[in-house]
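A structural walkthrough
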Amino acid sequence: METPEIAATEKPIPLWPSIREALRGSHQDFTTGSLNRAILLLAIPMVLEMVLESLFAVVDVFWVGRLGADAIATVGLTESLLSLVFAVGLGLSLSTTAMVARRIGEKDPTGAAVAGVQAIALGLGVSVLIGVPCLFYAPNLLRLMGASSQIVATGGGYARIALGGSGAILMLFLNNAIFRGAGDAAIAMRLLWVSNIINLILDPCLIFGWGPFPKLGVTGAALATFTGRSIGVAYQFYRLLRGSQRIRILRHQIRLNLGVLLRLVRVSLTGILQFAIAHTSWIGLVRIVSIFGSAALAGYTIAIRIVIFIILPSWGLSNAAATLVGQNLGAKQPERAETSVWRTGFYNMIFLGIIGLLFMIFARPVVHLFTSDPAVIPLAASCLRIVSAGNIGYAYGMVMLQAFNGAGDTVTPTYVHLFGFWFLEIPLAYFLAIRAGMRSNGAYVAIVVAECAIAAAGIILFKRGRWKRQKI
């Protein structure tokens, strides 16, 4: 798997100095030198960035869990709809990271800045197209998802703010993709600290009416998160204009470049489809789980939030692999790109495997941190145990598919997701949950089977090596 020449040149890396450098922001050229050190310098801030992104969801469900099953179900249904926004954001982000990383690898910072501007313009346009309709029709969307009239009454305001303000999510993803592609992962990490501190403070204040704040209930959770993310986006724009050693957007570069924009759109469309296929399958799963009542839906929501909290850091490792693939292909070093993927996948497998084992053993105590509802706890614990059983498969699968995306090949992961999620996961979930009588547990078993199948397909296709010839 690894190239012997690359492996032979590796030397032990100084751990603590490298960690400090990663947190400060490294100036290393990731196309040369120790590959292990390059992975470490990129992965640490990217993992922490994803931990911070996942904190939004965990903090919300921690406080909302005190409001009862209907409030938790509101968050779960809205999050399943927001998954479409995440699909668009991730699709735009992966093409942006690939293009910026390729230009940085080619030692063309001007081209990287121009690509970043086109990505921002595209993101702003999409934010308006998605946010405005959702602002008006959010309660109707909840009804379409099978919400009861009580859930719609409780969570209509939450859904309006969360879905109508989804542009903040899109731009947060997109601007961080620019920083990641340039190798400025520490900046992306630090700005999420700002967003999360604001969210941590505002969440309980707006939900429960602490101090001078109004008591908004579950709606307060959406407002707190939207405020934190919006301030983070403002800080991102400030840093892009101020610039860093790797990338800076100059005022005269803030204009449309149709050639670059169209290339970005072409890659982004497949990327959006790729994540839309994956995320809409989660909507299908939520719809199946909702058949079994609010307690099952609340249990699913809590367990999946916990799983996301752990899997998002693994996305940080996957993003590190994508950046290394893009920059090293730009520098005409495909073998170094390939080696970085195998190593990152192995490290990710160890991390997620350990976490999965702990969750399988301590599922109930972990769930109890988020809810004390006796009807919800056993259902959430069962979901957490079953889904965690597939962690090793998730670990390799996400790294392999992100490697394709980092190379600019968004088509291959799209086909893999289509077959894995819609031709395997959803039919299997329906059969196991309803026909085989396994109820909500059947849907969770289907998740594990589908994710492991996707990982196997990703490994086989990656070894064929066609991604090395991808142009972007």
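Residues numbered from 1 in each chain as written. Predicted model: local features only at pLDDT ≥ 70, side-chain atom pairs only at ≥ 80, totals over all residues. Heavy atoms only, no water.

What about helix 15 (residues 391–406)?
The condition is simple: Under the scheme used here, helices are H or I runs from DSSP no shorter than 4 residues and strands are E runs no shorter than 2 residues, and both carry numbers assigned from the N terminus. Take the residue count of a helix, subtract one, and multiply by 1.5 Å to get its expected span. In this scheme, a residue with accessible area under 20% of its type's maximum is buried, one over 50% is exposed, and one in between is partly exposed, where area comes from a 1.4 Å probe on protein chains only.
In a regular helix each residue adds 1.5 Å, so 16 residues correspond to 22 Å; helix 15 covers 22 Å between its end C-alpha atoms and thus fits that length. The buried fraction of helix 15 is high, at 15 of 16 residues. Directly beyond the C-terminal end of helix 15, a positive phi value near 90° is found at Gly408.

Points about the pattern of salt bridges
Formally: Any Lys or Arg side-chain nitrogen found within 4 Å of a carboxyl oxygen on Asp or Glu counts as a salt bridge.
Evaluation of the coordinates by the stated rule reveals 6 salt bridges. The partner of Glu21 in a salt bridge is Arg37, with the nearest N and O atoms 2.3 Å apart. You can see Glu21 sitting in helix 2 (residues 15–24) and its partner Arg37 sitting in helix 3 (residues 35–64), a full 16 residues away along the chain. Note on Glu21: relative accessible area 16%, which makes it buried. Across the pair Asp29 and Lys107 runs a salt bridge, and its minimum N-O distance is 3.6 Å. Note that Asp29 is positioned in the loop between helix 2 and helix 3 and Lys107 in the loop between helix 4 (69–105) and helix 5 (109–144), a separation of 78 residues in sequence.

Regarding the packing of helix 12 (residues 334–361) against helix 14 (residues 377–388)
The test is simple: Between the N-to-C directions of two axes lies an angle of 0 to 180 degrees, each axis being a line fitted to C-alpha atoms and, for a helix, fitted only over the stretch in contact. Angles below 35 degrees are treated as roughly parallel, those above 145 as roughly antiparallel, those between 65 and 115 as roughly perpendicular, and all remaining angles as oblique. The crossing is said to be left-handed when, going from far helix to near helix, the turn is anticlockwise and less than a right angle, and right-handed when the turn is clockwise. Note on definitions: a residue-residue contact is assigned when non-hydrogen atoms from the two residues lie within 4.5 Å. Amino acid classes used here: Ala, Val, Leu, Ile, Met, Phe, Trp, Tyr, Cys and Pro are nonpolar; Asp, Glu, Lys and Arg are charged; the rest, including Gly, are polar.
For the pair helix 12 and helix 14, interaxial distance at closest approach is 8 Å and the crossing angle is 150°. Classed by the angle they form, the pair helix 12 and helix 14 counts as roughly antiparallel. In the crossing of helix 12 with helix 14, the sense of the turn from one axis to the other is left-handed. Residue-level contacts link Gly356, Phe359 and Met360 of helix 12 to Leu384, Arg385 and Ser388 of helix 14. Its residues placed into classes, the contact of helix 12 with helix 14 shows 3 nonpolar, 2 polar and 1 charged.

Topic: the packing of aromatic side chains
Condition: Only rings of Phe, Tyr and Trp enter the pairing, Trp through its six-membered ring, and a pair is recorded when the two centres are within 6.5 Å. The plane angle decides the type: under 30 degrees is stacked, over 60 is edge-to-face, the rest tilted.
Here the structure, examined in full by the defined rule, presents 14 aromatic pairs. Judged by centre distance (5.6 Å) and plane angle (25°), the ring pair of Phe86 and Phe173 falls under stacked. Here Phe173 lies in helix 7 (residues 167–182) and Phe86 lies in helix 4, a separation of 87 residues in the sequence. Note on Phe404 and Phe462: the rings are 6.1 Å apart at their centroids and 85° apart in plane angle, and the pair reads as edge-to-face. Here Phe462 lies in helix 17 (residues 440–464) and Phe404 lies in helix 15, a separation of 58 residues in the sequence. Phe462 shares its class with Phe404; the two are buried.

Quick look at the side chain of Asn391
This is how it is decided: Definition of a polar contact: a pair of N or O atoms within 3.5 Å, with one able to donate and the other able to accept a hydrogen when the atoms are protein atoms, and with sequence-neighbouring residues admitted only if both atoms are side-chain atoms.
Among the structural elements, Asn391 can be located in helix 15. Of the polar contacts made by the side chain of Asn391, one reaches the backbone oxygen of Leu352; its length is 3.0 Å. Non-local contacts of Asn391, meaning those with residues more than four positions away in its chain, are made with Leu352, Ile355 and Gly356.

Here's the deal with the confidence of the model for the protein chain
The line we're drawing: On a range of 0 to 100, pLDDT expresses the predictor's confidence in each residue.
On average, residues of the protein chain carry a pLDDT of 89, and 97% of them reach 70 or more. A low-confidence stretch, residues 4–8 stays under pLDDT 50, and its non-local contacts, those more than four residues away or across chains, total 7 contacts.

Structural notes on the nonpolar core
Where we set the bar: What makes a nonpolar core is a set of buried Ala, Val, Leu, Ile, Met, Phe, Trp, Tyr and Cys residues whose side-chain atoms join them at distances within 4.5 Å.
Judged by nonpolar contacts, the single largest core of 130 residues is most densely connected at Ile302, Leu384 and Tyr444. Looking at this core, the element that brings in the most residues is helix 4, giving 15 residues.

Some remarks on the side chain of Thr31
The topology assignment puts Thr31 in the loop between helix 2 and helix 3. For Thr31, a relative accessible area of 4% corresponds to the buried category. For Thr31, the side chain forms a polar contact with the side chain of Asp29, separated by 2.7 Å. If we skip the residues at most four places from it in the chain, Thr31 touches Lys107, Gln327, Asn328, Ala331, Gln333 and Arg336.

Details of unusual backbone geometry
Positive phi, close to 60°, is recorded for Lys332, a residue that is not glycine. Mapped onto the elements of the fold, Lys332 is located in the loop between helix 11 (294–330) and helix 12. Here the phi dihedral of Arg439 falls at roughly 55°; this positive angle occurs in a residue that is not glycine. Here Arg439 is to be found in the loop between helix 16 (411–435) and helix 17.

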